[in-house]
Amino acid sequence: MTRSSPSLQTPSLPVLPRLTQAQAPLTHHVEVVNERGEAEQVQIPAERPLTIYVDKRELVTLMTLGAQPELLVLGYLRNQRLIESVFDIESITVDWEVNAAAVHTRHGIARIEERTASKVVTTGCGQGSVFGGLMDEVDRIALPDAQLTQAQLYGIVNAIRLKESTYKSAGSVHGCALFQGEELLTFVEDVGRHNAIDTIAGWMWMNPETAPADGVASDNAPATPTPMSGADKVFYTTGRLTSEMVIKSAQMGVPIVVSRSGMTQMGHAVAQQLGLCAIGRATNRRFVCYSGAQRLVLQPELAVAPAARAGGDV
């Protein structure tokens, strides 16, 4: 039998990690008493602890809704800068019977004790945390050129308004979404907005783009996965834009963020430093652009409802 020459063998391609699908119930029924003194059943968001173990080492416990816990864990490790590539992870296994996520890496995490020794507790529901210096990453981030039209912004706001969500049925959660233009790519809700953006970061890593392994398209060239680009994406959140949210969006390569809420002073300072377009208080046809206004293509005539432009009643 003739053996193939090693130089002619197809190189092995990177393999995405194996993930369980351990979704937990998102809401819980409780009995309440209303303003008329009547008992009734309502839904409230579920909240449960999820302890992350990396190569059998306990890392952190997150409080989460539990909608997509594997993606949350993956995105958390990404945004904490503990792993550089999705291909560094072999598997993530979530078991809700013990409220734990077991992460197995392919080569371990270098200097994990040193890198997780310093922790900054961040603002927000569910109390987020960032390992290492919060601002260390900012100077190394270069965001791509991108623009968003006012019409696309209104399309994003309207898509969120029409989206069926846990918030509509139970309240008390934050929602985050990733858009390409006006197209909704993914929508995540959790008890904290930092959990939701981490889940989106994990989703982006698990949905890479593909390119020929040698960079040249051909019938024989194997397609190798490459990370999903954030250059043509817009990140949306129902929560306020803190420094943590701005930095995480920038780490994902997304240069435009939109919020239904406002923005903090530190979030504003970081956004200006990065040249990131931060749009807040975006409801109906109202919004304010806090930073990066050069990325927003204004169409002021759209700010008036069609009926009003036609001279009719609004």
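Residues numbered from 1 in each chain as written. Predicted model: local features only at pLDDT ≥ 70, side-chain atom pairs only at ≥ 80, totals over all residues. Heavy atoms only, no water.

Once that is clear, we can look at the sheet that holds strand β4 (residues 48–54). Sheet architecture is open: five strands sit in the order β1-β6-β7-β4-β5, paired in mixed fashion. At either margin of the open sheet sits one strand with a lone partner, and together these are β1 (18–19) and β5 (57–64). Sheet topology places strand β6 (residues 89–95) next to strand β7 (residues 100–105); six bridges connect them, and they run antiparallel. If you follow Asp 95 over to β7, its bridge partner there is Ala 100. On the sheet, helix α1 (residues 69–79) packs against β1, β4, β5, β6 and β7 and is oriented at approximately 135 degrees with respect to β6. (Pairing = 2+ DSSP bridges. Helix = DSSP H or I, 4+ residues; strand = E, 2+ residues; numbered from the N terminus. Contact = heavy atoms within 4.5 Å. Axes fitted to C-alpha atoms, helices over the stretch in contact; angles between N-to-C directions.)

For the rest of this paragraph, the subject is unusual backbone geometry. Note: most peptide bonds trans; most residues except glycine with negative phi. The phi dihedral of Lys 56 is positive, around 70 degrees, even though this residue is not glycine. Within the secondary structure, Lys 56 sits in the loop between β4 and β5. The class for Lys 56 is exposed, based on a relative accessible area of 77%. The residue Asn 284 is not glycine, and still its phi comes out positive at about 50 degrees. (Buried < 20%, exposed > 50% of the residue type's maximum accessible area, 1.4 Å probe, protein only.)

Moving on, we get to the side chain of Lys 248. Relative to the helices and strands, Lys 248 is located in helix α6 (residues 243–251). Leaving out residues up to four positions away in the same chain, Lys 248 has contacts with Asn 79, Gln 80, His 194, Ile 197 and Asp 198.

Overall, the coordinates contain zero disulfides when judged by the stated rule. For Cys 277, which is in no disulfide, the shortest distance to another cysteine sulfur is to Cys 289 and amounts to 4.0 Å. Here Cys 277 falls in the buried class, since its relative accessible area comes to 1%. Judged by its relative accessible area of 26%, Cys 289 is partly exposed. (Disulfide = S-S within 2.5 Å.)

Next up on the list: the sheet that holds strand β16 (residues 256–259). Across a sheet, strands are paired by hydrogen bonds formed along the backbone, either parallel or antiparallel in direction. Pairing is mixed across the open sheet formed by six strands, whose spatial order is β12-β11-β15-β16-β17-β18. In the strand order of this sheet, the two ends are held by β12 (183–190) and β18 (286–291), each with one partner. Neighbouring strand axes in the sheet, compared pairwise and without regard to direction, differ in orientation by 20 degrees on average. With four bridges connecting them, strand β17 (residues 277–283) and β18 associate as antiparallel partners. Among the inter-strand pairings, Thr 283 is bridged to a residue of β18, identified as Arg 286. Taken strand by strand, helix α3 (residues 150–162) contacts β11 (174–180), β12, β15 (234–237), β16, β17 and β18, and its axis lies near 140 degrees from that of β11.

This paragraph deals with the pattern of salt bridges. Inspection of the entire model under this criterion finds five salt bridges. Here Arg 36 and Glu 38 are joined by a salt bridge, their closest N and O atoms 3.0 Å apart. By relative accessible area, Glu 38 is classed as partly exposed at 37%. Its salt-bridge partner being Lys 248, residue Glu 244 comes within 3.0 Å of it at the nearest N-O pair. One end of the pair, Glu 244, and the other, Lys 248, are both in helix α6, four residues apart, so they sit about a helical turn from each other. In terms of burial, Glu 244 and Lys 248 fall into one category: buried. Each of the salt bridges in this network shares a partner with another, and the network as a whole consists of Asp 198, Glu 244 and Lys 248. (Salt bridge = Lys/Arg side-chain N within 4 Å of Asp/Glu carboxyl O.)

No statement about biological role is implied by the geometric values presented.
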